[in-house]
Amino acid sequence: MAFNAMRKPGRQAVAGMQRNGSANPALVIYLDSDSLAILPPSDPDECPEFIRLLRQIRDSADELAVFPGRHKAVRDDDARPE
């Protein structure tokens, strides 16, 4: 399945694990208009690949999280008079 949609989160965007009663837990990302739910596989044999994906998401999010601060620092440096 190909998923090629770029979305920018709104001001009320949140992410977290959600569990509804006896239903499987899911990683849910609410983008303040759209949402994405990532559900674990029903086949236990697919769990290692799913865990790998979740760790890639975690690691990539950690990498991306440093860029907004760096971008602001560059803008601040550019705004200083020479």
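The structure presented is a predicted model; accordingly, all values stated were derived computationally and were not measured.

What counts and what doesn't
Residues numbered from 1 in each chain as written. Predicted model: local features only at pLDDT ≥ 70, side-chain atom pairs only at ≥ 80, totals over all residues. Heavy atoms only, no water. pLDDT = per-residue confidence, 0-100. Helix = DSSP H or I, 4+ residues; strand = E, 2+ residues; numbered from the N terminus. Pairing = 2+ DSSP bridges. Axes fitted to C-alpha atoms, helices over the stretch in contact; angles between N-to-C directions. Patch = residues over 30% accessible without salt bridge, like charges linked within 9 Å, V, L, I, M, F, W, Y side chains within 5 Å. Areas by Shrake-Rupley, 256 points an atom, 1.4 Å probe, with all protein chains shown as cover. Salt bridge = Lys/Arg side-chain N within 4 Å of Asp/Glu carboxyl O. Buried < 20%, exposed > 50% of the residue type's maximum accessible area, 1.4 Å probe, protein only. Lys, Arg positive; Asp, Glu negative; His and termini not counted. Charge placed at Lys NZ, Arg CZ, Asp CG, Glu CD.

Peer 1: Residue-level account of the confidence of the model for the chain, with values.
Peer 2: A residue-level look at the chain finds 79% of positions with pLDDT of 70 or above and a mean pLDDT of 84. Mean pLDDT across the secondary structure elements of the chain bottoms out at helix α2 (residues 67-79), with 68, and peaks at helix α1 (residues 47-65), with 96.

Peer 1: Residues and numbers for the sheet that holds strand β1 (residues 14-18), please.
Peer 2: The strand order across the open sheet formed by three strands is β1-β2-β3, and the pairing between neighbours is antiparallel. Every interior strand has two partners, whereas the edge strands, β1 and β3 (35-38), have only one. Averaged over all pairs of adjacent strands, the angle between strand axes in this sheet comes to 15°, irrespective of strand direction.

Peer 1: Any details on a nonpolar patch on the surface? Residues and values, ideally.
Peer 2: A grouping of Leu53, Leu54 and Ile57 is seen on the molecular surface, where their side chains present a nonpolar patch of about 190 Å² in accessible area. Locating Leu54 in the fold gives a position in helix α1. Accessibility expressed as a relative area gives 31% for Leu54, which makes it partly exposed.

Peer 1: Let's hear about a negative patch on the surface: which residues, and what values?
Peer 2: A grouping of Asp43, Asp45, Glu46 and Glu49 is seen on the molecular surface, where their side chains present a negatively charged patch. Of note, Asp43 is situated in the loop between β3 and α1. Taking relative accessible area as the criterion, Asp43 reaches 31% and is therefore assigned partly exposed.

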